[in-house]
Amino acid sequence: MMKVAINTGGGDAPGLNAAIRAATLAALKRGWEVLGIKNGYGSLYTDEPFIKLDAQSVKGITLQGGTILGTANRGNPFEMPYQKDDGSWDTKDVSDHLVQTFKEHEVDALIAIGGDGSMNIASRLIRKGINIVGVPKTIDNDIYGCDISLGFDTAIDIATGAIDRITTTAESHQRLMVVEVMGRYAGWIALYAGIAASADVVLIPEIPFSYDSIEEKIKERESNGQKYTMIVVAEGAREKDGELVTKGKAVGQEVQLGGIADRLAKELSERTGKESRSVVLGHLQRGGSPSTYDRLISLRFGAAAIRCVQERDFNKLVVLQNNKLTRIPITSIEGKMKSVSLESDTVQTARDIGICLGD
């Protein structure tokens, strides 16, 4: 009998619970034992490192947002934050404790559901002897080698709906409206939601923007009698030769991006004399019930991960390529990110229908 553990790391995403349910039920069907790790890897350093997952504990969770296991974006076992005696914070490597806990509980494999950060951690744990199968999760859709990650479809649907609503008030007040969406260093959410919502300007990290280009678009719309402009900007977008706009960095955590929408709104208002407003969608994009597509792809990912374990095809990431599930080595994507290709038909579509991309 196999014993598998499941954890969810990094930011939450719609579809996590569906993946947990599929992996649990597929393992139970094979007569295996399933353990859950709470709060990323956090519970491994407590007196109760695992909780037992059974059919009852995953009943009805496919439609639920969030994750029943909890998650954390400050739980890297190689850089775990701790408070020193003087009150300051630092990080330390506690990965050996994690490995020892797995050995003591005779865990055969870990189903790691996470994004690029989680897969980088997984790569390092693989080198320490942990058998891992990865499931790609991130609303940012930036996992290298995977066409679509779980959570992305719901996020762009939420963002599109929000931009639709903000567009009506922009038109009513004849304002510049700047909507900031997530995505970190990749522009997938901004590009897809911006095009779908008929935004006038879409700014993504892959194309550094100039204010002159955006101002020209605003003036063009004004000359055509369109007195408002809808601008969608990814949180990781930046001006040509400019720096990322950030909120700071906590110990053991990635730098927090954000604030570019407010900066854009102020600068463009000064340049054009038009009234402007900025809206940050933030964690709204992560929350709520997953879309039909995200439910289905998450269930497929979770079940496929258990098939990997059954075949002892460890240290692989289950990915979707050309609408087919396949597997790639987790270590092969370490340190890599999937950016928006500037030659893609989606980018070309934006240009063809008159969307300004800031260049």
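This report concerns the structure included in the present document. As the structure is a prediction and not an experimental result, all values here were calculated from the model.

Quick look at the overall build of the protein chain now. What the protein chain contains, in helices and strands, is nine helices and 15 strands. Projected onto its principal axes, the C-alpha coordinates of the protein chain cover approximately 70 × 50 × 35 Å. Each of the 359 residues in the protein chain was classed as buried or not, and the buried ones make up 54%. Pairs at least 24 apart in sequence give 72% of the contacts found in the protein chain among residues at least 6 apart. For the protein chain, the accessible area works out to roughly 15600 Å², and carbon and sulfur atoms hold 45% of it. In the protein chain, the 42 positive side-chain charges and the 47 negative ones have mean positions that sit 5 Å from each other.

Turning next to a negative patch on the surface. A cluster of acidic residues, Glu-79, Asp-93, Asp-116 and Glu-254, forms a negative patch at the surface. Residue position: Asp-93 is located in the loop between strand E5 (89-92) and helix H2 (95-104).

Moving on: unusual backbone geometry. One non-glycine residue with positive phi stands out, namely Asn-39, at about 60 degrees. Looking at the secondary structure, you find Asn-39 in the loop between strand E2 (33-36) and strand E3 (51-53). In this structure Asn-39 comes out as partly exposed when scored by relative accessible area, which is 40%.

Pairing between the strands of a sheet is mediated by backbone hydrogen bonds and can be parallel or antiparallel. Read from one edge to the other, the open sheet built from seven strands follows the order E3-E2-E1-E6-E7-E14-E15, with strand pairing classed as mixed. Single-partner strands in this sheet number two, and they are E3 and strand E15 (324-329). Between one strand axis and the next, the sheet turns through 30 degrees on average, direction left out of account. The pairing of E2 with E3 spans three bridges and is antiparallel. Within E3, the position partnered with Leu-35 by the bridge is Lys-52.

Note that Asn-141 resides in the loop between strand E7 (132-136) and helix H4 (152-173). Exposure remark for Asn-141: the relative accessible area of 1% places this residue in the buried category. Leaving out residues up to four positions away in the same chain, Asn-141 has contacts with Asp-147, Ile-148, Ser-149, Phe-152, Trp-188 and Lys-338.

Thresholds, definitions, all that
Residues numbered from 1 in each chain as written. Predicted model: local features only at pLDDT ≥ 70, side-chain atom pairs only at ≥ 80, totals over all residues. Heavy atoms only, no water. Helix = DSSP H or I, 4+ residues; strand = E, 2+ residues; numbered from the N terminus. Buried < 20%, exposed > 50% of the residue type's maximum accessible area, 1.4 Å probe, protein only. Contact = heavy atoms within 4.5 Å. Areas by Shrake-Rupley, 256 points an atom, 1.4 Å probe, with all protein chains shown as cover. Lys, Arg positive; Asp, Glu negative; His and termini not counted. Charge placed at Lys NZ, Arg CZ, Asp CG, Glu CD. Patch = residues over 30% accessible without salt bridge, like charges linked within 9 Å, V, L, I, M, F, W, Y side chains within 5 Å. Salt bridge = Lys/Arg side-chain N within 4 Å of Asp/Glu carboxyl O. Pairing = 2+ DSSP bridges. Axes fitted to C-alpha atoms, helices over the stretch in contact; angles between N-to-C directions.

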